[in-house]
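Close look at the chain arrangement
Listed here are the chains, written in short residue letters.
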Amino acid sequence: MIGNSWDIVLKEEFKKDYFLNLINKVNNDYRHKTIFPPYNYIFNALKLTPYENVKVVILGQDPYHGPNQAHGLSFSVSDKVERPPSLNNIIKELYNDLGIIKANNDLTSWAKEGVLLLNAILTVEMSKPLSHKDYGWTIFTDEIIKKLNEREQPIIFILWGSFARSKKEFITNKKHYIIESAHPSPLSASRGFFGSRPFSRTNEILKRLGEKEIDWK
């Protein structure tokens, strides 16, 4: 289904009734409604960052629900559309943290560096945020977090906001690291996201571990 090591890691999950029902619902919605991201991009985060390549996880909630925005990576949008407010604040913090001016909105390069940009819910109906929250996606993505928790090689989990931080219950392996703060949305960015320095802190941990640092540019 994914085309890399995630197929092996998640093979039992793909057989479960809830997942088969979920896929049937999603397929039906794509046939009759406008759903994002484009169908071939539903599992884009997993396709771009195989299990063994994951160094960092940035967890989002559900995809952007406007045209031409979502492409299967949390917080990322196509360069063809205006930068959403949360992403704008992420880019601001990147500049304040590391002095990096990031011109593009598409974070695919981060995914290829080993940053799993995972939304907890992988599909959404146009103009209806959280419309697929009860479809079963969170069962599936919680399992992804649990599988990552089993990894011996340390992973850095970046958790922004209360929803992402609620997933800490699945990160029990003491080898892993958690960087958490307020969400980058305009409603909460000034209450702890700005100044949290997640990018430099991530690279400091990777350097200590003898791992290649993330090229956030």
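Residues numbered from 1 in each chain as written. Predicted model: local features only at pLDDT ≥ 70, side-chain atom pairs only at ≥ 80, totals over all residues. Heavy atoms only, no water.

1. Quick word on unusual backbone geometry
Across the junction of F36 and P37, the peptide omega takes the value -5°, indicating a cis bond. Within the fold, P37 resides in the loop between β1 (35–36) and α4 (44–48). In the Ramachandran plot, S127 falls in the positive-phi region, its phi being about 65° despite a non-glycine side chain. Note that S127 resides in the loop between β4 (124–125) and α7 (137–149). The exposure class assigned to S127 is exposed, which follows from its relative accessible area of 52%. (Helix = DSSP H or I, 4+ residues; strand = E, 2+ residues; numbered from the N terminus. Buried < 20%, exposed > 50% of the residue type's maximum accessible area, 1.4 Å probe, protein only.)

2. Considering the packing of helix α3 (residues 17–32) against α7
It is the contact of α3 with α7, at a shortest axis distance of 9 Å, that shows an interaxial angle of 125°. Our classification of the angle between α3 and α7 gives oblique. Every pair of crossing elements has a handedness; the one defined by α3 and α7 is left-handed. Contacts between α3 and α7 involve Y18, F19, L22, I23 and V26 from the former and W137, I139 and F140 from the latter. Of the residues that constitute the contact of α3 with α7, the class distribution is eight nonpolar, no polar and no charged. (Axes fitted to C-alpha atoms, helices over the stretch in contact; angles between N-to-C directions. Parallel < 35°, antiparallel > 145°, perpendicular 65-115°, else oblique. Left-handed = near helix turned anticlockwise from the far one by under 90°. Contact = heavy atoms within 4.5 Å. Nonpolar A, V, L, I, M, F, W, Y, C, P; charged D, E, K, R; others polar.)

3. Let's talk about the sheet that holds strand β2 (residues 56–60)
Reading across from one edge, β3-β2-β5-β6 is the order of the four strands in this open sheet, with parallel pairing throughout. Each edge of the sheet is formed by a strand with only one pairing partner; in this case those strands are β3 (115–119) and β6 (177–181). Looking at each pair of strands side by side, their axes are set apart by 20° on average, direction ignored. Here helix α9 (residues 198–208) sits on the sheet and contacts β2, β5 (156–160) and β6; the angle it forms with β5, its principal contact strand, is near 165°. (Pairing = 2+ DSSP bridges.)

4. Examining the side chain of K55
Counting through the fold element by element, K55 comes out in the loop between α4 and β2. One buried charged residue, K55, forms no salt bridge at all, with the nearest opposite charge on E211 at 4.4 Å. There is a polar contact of 2.8 Å between the side chain of K55 and the backbone oxygen of K212. With sequence-adjacent residues up to four places away left out, K55 is seen in contact with E113, G114, P154, I155, I156, L206, E211, K212 and I214. (Lys, Arg positive; Asp, Glu negative; His and termini not counted. Salt bridge = Lys/Arg side-chain N within 4 Å of Asp/Glu carboxyl O. Polar contact = N/O pair within 3.5 Å; in protein donor to acceptor, adjacent residues only side chain to side chain.)

Don't take any of this as a statement about function, it's just geometry.
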